[in-house]
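Residues per chain are reported as follows:
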Amino acid sequence: MGNYPTGVTVITSVDSTGQPLGLTVNSFASVSIDPLLILWSIDKKVTSHSTFINAEKFTVNILSGEQSDICSLFASKDIDRFSNCDWDYSDHNLPVISGVAGVLHCRTFKTIDAGDHTILVGEVFDIQSNNKNPLLYHQRNFGSIPQSFYS
């Protein structure tokens, strides 16, 4: 799977006290147009696992090509991720990272047990596009889509 290029997202939500939490995720995919559904998966060993699977809502922050630092930040352990980046609460009271390529606000539609991970299916209820190219991940490298890709 390391040879399969993917986009990179940071999934964010809030815990029961309203504190933000987030993590880097590249296991993100479209599922359905009607209703508009997406999915992502979370390792059951991640400390925020129970918070995410019990959350009513979450946000998919689609990182822009210039945000490899944000990708690394939200993949780091034992660090206050939100104090080290620009972000704000959306109108839906969910954390949104500044400068992202796009934002999908989702209601948790379904959770699916899948081995050592849980798959979360979200129903998208709000979309924001910032007209930026996404960040790509391939063989432990991050970068923008090369301009030559479009010629």
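Residues numbered from 1 in each chain as written. Predicted model: local features only at pLDDT ≥ 70, side-chain atom pairs only at ≥ 80, totals over all residues. Heavy atoms only, no water.

Quick look at the overall build of the chain now. The number of helices and strands found in the chain is two helices and 12 strands. Mapped from its N terminus to its C terminus, the chain presents α and β elements in the order β-β-β-β-β-α-β-α-β-β-β-β-β-β. In terms of C-alpha radius of gyration, the chain reaches 15 Å, essentially the compact-globule figure of 15 Å for 151 residues. Dimensions of the chain along its principal axes, counting C-alpha atoms only, are 45 × 35 × 30 Å. When burial is assessed residue by residue, the chain has 36% of its 151 residues classed as buried. Contacts in the chain between residues at least 24 apart in sequence constitute 64% of all its contacts with a sequence separation of at least 6. Across the chain, the mean location of the 9 positive side-chain charges is 7 Å away from that of the 15 negative side-chain charges. (Helix = DSSP H or I, 4+ residues; strand = E, 2+ residues; numbered from the N terminus. Rg over C-alpha atoms; globule rule 2.2 N^0.38 Å. Buried < 20%, exposed > 50% of the residue type's maximum accessible area, 1.4 Å probe, protein only. Contact = heavy atoms within 4.5 Å. Lys, Arg positive; Asp, Glu negative; His and termini not counted. Charge placed at Lys NZ, Arg CZ, Asp CG, Glu CD.)

Turning next to the side chain of Thr6. By the element assignment, Thr6 lies in strand β1 (residues 6-7). Reaching out from Thr6, the side chain makes a polar contact with the side chain of Asn26 at a distance of 3.4 Å. Discounting residues that sit within four places of it in the chain, Thr6 has contacts with Asn26, Leu135, Leu136 and Tyr137. (Polar contact = N/O pair within 3.5 Å; in protein donor to acceptor, adjacent residues only side chain to side chain.)

Positionally, Ser64 belongs in the loop between β6 (57-62) and α2 (68-75). Given the relative accessible area of 1%, Ser64 is considered buried. Side-chain polar atoms of Ser64 contact the backbone oxygen of Gly99, separated by 3.2 Å. When residues no more than four places from it in sequence are discounted, the contact partners of Ser64 are Gly99, Val100, Ala101, Lys132, Asn133, Pro134 and Leu135.

A cis amide bond links Asp34 with the next residue in sequence, Pro35, at an omega value of 5°. With respect to the secondary-structure elements, Pro35 resides in the loop between β4 (28-32) and β5 (37-43). At Asp78, a position not held by glycine, the phi torsion is positive, near 55°. Note that Asp78 resides in the loop between α2 and β7 (87-89). Despite not being glycine, Gln139 shows a phi value in the positive range, around 45°.

Spatially, β3-β2-β6-β9-β10-β5-β4 is the arrangement adopted by the seven strands of the open sheet, whose pairing is antiparallel. Each end of this open sheet is capped by a strand with a single partner; those strands are β3 (20-25) and β4. Geometrically, the sheet is characterised by an average inter-axis angle of 35° between neighbouring strands, direction not taken into account. Strand direction decides the pairing type here: β6 and strand β9 (residues 102-114), joined by six bridges, are antiparallel. Paired with Thr59 across the bridge in β9 is His105. (Pairing = 2+ DSSP bridges. Axes fitted to C-alpha atoms, helices over the stretch in contact; angles between N-to-C directions.)

This brings us to the packing of aromatic side chains. Summed over all chains, the structure comprises six aromatic pairs. Taken together, a centroid distance of 5.4 Å and an interplanar angle of 85° make the contact between Trp40 and Phe52 edge-to-face. Taken together, the residues span a long stretch of sequence, with Trp40 in strand β5 and Phe52 in helix α1 (residues 49-54) at a distance of 12 residues. Judged on exposure class, the residue Trp40 and its partner Phe52 are both buried. Ring geometry for Tyr137 and Phe142: centres 5.1 Å apart, planes at 40°, overall tilted. A connected cluster of aromatic rings, assembled from ring pairs, spans Phe74, Phe82, Trp87 and Tyr89. (Phe/Tyr/Trp six-rings, centres within 6.5 Å; stacked < 30°, edge-to-face > 60°.)

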